[in-house]
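# A closer look at the structure
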Amino acid sequence: MALFGKDEAQKASEQKANGGSEGLEREKLPRHVAIIMDGNGRWAQRRGMPRTFGHKAGVEALREIIRHSDDLGIEVLTIYAFSAENWKRSAEEVGALMGLLLEYFTKELDELNRENVQIRILGDIDGMPSGLERQKAALHAAIERTQKNTGLRLCIALNYGGRQEIVHAARQLARRVAAGELTPEEIDQERFAAELYTAGLPEVDLLIRTSGEMRLSNFLLYQLAYAEFYQTDTLWPDFNKDTYDEALLAYTRRNRRFGGV
Ligand code: IPE
Ligand code: IPE
Ligand code: MG
């Protein structure tokens, strides 16, 4: 079904068979990888299980991908964990996801911190519905506790929407203009990017979406301008370091032109 992803994934899979991560040219790896972790619900439903079972399995996949990113020396890993639109799901599913979130931060924070991982949240933490005070506190604590770490930068997009982020940035700039700190002419790409949740991070080089969907679902609309897009039919809970290596291998073979020739 994939227009361009599948042939490439097949090729990468064949070529990777004789090398594993060793076959990857390290100096060509992306600095910043973003992932739309999609397909948990379908993965569970195919097993006759409730969707939440898929979300639990998805956390396991995430652990492996974080570890592998760290091992490969990827600088920034940005993952789409919960969109601003995902609140539309049933109370049961949202509740389960928020439960997993809290469990994840409770269980994993020590280890992430030991591994020198710096955690950053992209999205509106304080705009999360009331009743999630423990989650909000855990998120703020994780950011604070890991802020001086110098290893992998793990950005978790949570209650995140790309359009909301752009509107928020515009509003911040408008406030500064109204306060007389800035003139409209001084607003340029650099100042605009500095108001986004991703301020200070390197450009996204590679966007991976699992589960075969070919859309952005309101993810990093500004930041993906020149990212390479890789999609795979693999459902997120089945995504592992080998399928990740395939995506990375495909990336190392792309010819990025940025409008040039
Ligand atoms: C991604 O899997 C996880 C979240 C959006 C939180 P989905 O839950 O979207 O799974 P599918 O796409 O319905 O299979
Ligand atoms: C995008 O997946 C959000 C996350 C992976 C967290 P969705 O499953 O919510 O996207 P749509 O609804 O298929 O576009
Ligand atoms: Mg989905």
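Here's what I pulled together on the structure shown here. Note that this is a predicted model, so its numbers are computed, not measured.

### Things to note about the overall build of the chain
Regarding its fold elements, the chain presents 8 helices and 6 strands. Helices and strands in the chain line up, N terminus first, as α-β-α-α-β-α-β-α-β-α-α-β-β-α. Here the chain has a C-alpha radius of gyration of 19 Å; the compact-globule value for 261 residues is 18 Å, and the two agree. With respect to the principal axes defined by its C-alpha atoms, the chain has extents near 60 × 50 × 40 Å. Expressed as a percentage of the 261 residues in the chain, the buried residues total 49%. Taken as a whole, the chain presents about 13400 Å² of accessible surface, with 49% of it coming from carbon and sulfur. Charge-centre separation for the chain: the mean point of 35 positive side chains lies 3 Å from the mean point of 40 negative side chains.

### Some words on the site of ligand 2
Every residue near ligand 2 is listed here: Ile36, Met37, Asp38, Tyr80, Ala81, Phe82, Asn86, Arg89, Arg209, Arg215 and Ser217. In the environment of ligand 2, an oxygen atom lies 3.2 Å from a nitrogen or oxygen atom belonging to the side chain of Asp38. Here an oxygen atom of ligand 2 and a side-chain polar atom of Arg89 are 3.2 Å apart. Protein chains bury 77% of the 390 Å² of accessible surface belonging to ligand 2 in isolation. Here the shell around ligand 2 gets 3 residues from one element, more than from any other, and that element is strand β2 (residues 76–83). A class-by-class count of the residues in the shell around ligand 2 yields 5 nonpolar, 2 polar and 4 charged.

### Considerations on the packing of aromatic side chains
Counted under the stated rule, the structure contains 11 aromatic pairs. Geometrically, the ring pair formed by Tyr80 and Phe219 is stacked, given 4.2 Å between the ring centres and 10° between the ring planes. With a gap of 139 residues between them, Tyr80 in strand β2 and Phe219 in the loop between β5 (206–209) and β6 (228–231) connect regions that are remote in the sequence. Residue classification places Phe219 among the buried positions, given a relative accessible area of 0%. Every member of this aromatic cluster is reached through a ring pair, and the members are Tyr80, Tyr160, Tyr197 and Phe219. Above the face of the Trp43 ring, Arg47 is positioned so that its terminal group lies 3.9 Å from the ring centre.

### Focus: the sheet that holds β2
Paired through their backbone hydrogen bonds, the strands of a sheet run either parallel or antiparallel. The strand order across the open sheet formed by 6 strands is β3-β4-β2-β1-β5-β6, and the pairing between neighbours is parallel. Bordering the open sheet on either side are β3 (118–122) and β6, each of which pairs with just one other strand. Averaged over all pairs of adjacent strands, the angle between their axes in this sheet comes to 20°, without regard to strand direction. Strand contacts of helix α5 (residues 133–146): β3 and β4 (153–160), with the helix running at about 140° to β3, the strand carrying the most contacts.

### Description of the site of ligand 1
In the vicinity of ligand 1, 13 residues are found, and the nearest of them are Asp38, Gly41, Arg42, Arg51 and Arg89. In the model, an oxygen atom of ligand 1 is placed 2.9 Å from a nitrogen or oxygen of the Gly41 main chain. Between Arg89 and ligand 1, the recorded distance is 2.7 Å, taken from a side-chain N or O atom to an oxygen atom. Relative to its free-state accessible area of 380 Å², ligand 1 is covered by the protein chains to the extent of 88%. Every element with two or more residues in the shell around ligand 1 is listed here: α2 (40–45), α3 (51–72) and α4 (91–114).

### Concerning the pattern of salt bridges
The full count for this structure, using the stated rule, is 18 salt bridges. Two residues, Arg209 and Asp38, come together in a salt bridge whose shortest N-O distance is 2.8 Å. Of this pair, Arg209 sits in strand β5 while Asp38 sits in the loop between β1 (32–36) and α2, and the two are 171 residues apart along the sequence. With a relative accessible area of 17%, Asp38 lands in the buried category. One salt bridge connects Glu181 with Arg176, and the closest N-O pair in it is separated by 3.2 Å. The class for Glu181 is exposed, based on a relative accessible area of 52%. When salt bridges that share partners are traced, they join Asp38, Arg42, Arg209, Glu213 and Arg215 into one network.

### Some thoughts on the packing of α4 against α5
For the pair α4 and α5, the least separation of the axes is 10 Å and the interaxial angle reads 20°. Comparing the axis directions of α4 and α5 gives the class roughly parallel. Crossing hand, α4 versus α5: left-handed. Together, Met98, Gly99, Leu101, Leu102, Phe105, Leu109, Asp110 and Asn113 of α4 and Arg134, Gln135, Ala138, Leu139, Ala142, Arg145 and Thr146 of α5 make up the contact between the two elements. Residues that form the contact of α4 with α5 fall into these classes: 8 nonpolar, 4 polar and 3 charged.

### Thoughts on the environment of Gly162
Position of Gly162 among the secondary structure elements: in helix α6 (residues 162–178). Ignoring anything within four residues of it in the chain, the contact list for Gly162 reads Asn218, Leu220 and Leu221.

About the criteria used
- Residues numbered from 1 in each chain as written.
- Chains lettered and ligands numbered in written order.
- Predicted model: local features only at pLDDT ≥ 70, side-chain atom pairs only at ≥ 80, totals over all residues.
- Heavy atoms only, no water.
- Helix = DSSP H or I, 4+ residues; strand = E, 2+ residues; numbered from the N terminus.
- Rg over C-alpha atoms; globule rule 2.2 N^0.38 Å.
- Buried < 20%, exposed > 50% of the residue type's maximum accessible area, 1.4 Å probe, protein only.
- Areas by Shrake-Rupley, 256 points an atom, 1.4 Å probe, with all protein chains shown as cover.
- Lys, Arg positive; Asp, Glu negative; His and termini not counted.
- Charge placed at Lys NZ, Arg CZ, Asp CG, Glu CD.
- Near = heavy atom within 4 Å.
- Polar contact = N/O pair within 3.5 Å; in protein donor to acceptor, adjacent residues only side chain to side chain.
- Nonpolar A, V, L, I, M, F, W, Y, C, P; charged D, E, K, R; others polar.
- Phe/Tyr/Trp six-rings, centres within 6.5 Å; stacked < 30°, edge-to-face > 60°.
- Lys NZ or Arg CZ within 6 Å of the ring centre and 35° of its normal.
- Pairing = 2+ DSSP bridges.
- Axes fitted to C-alpha atoms, helices over the stretch in contact; angles between N-to-C directions.
- Contact = heavy atoms within 4.5 Å.
- Salt bridge = Lys/Arg side-chain N within 4 Å of Asp/Glu carboxyl O.
- Parallel < 35°, antiparallel > 145°, perpendicular 65-115°, else oblique.
- Left-handed = near helix turned anticlockwise from the far one by under 90°.

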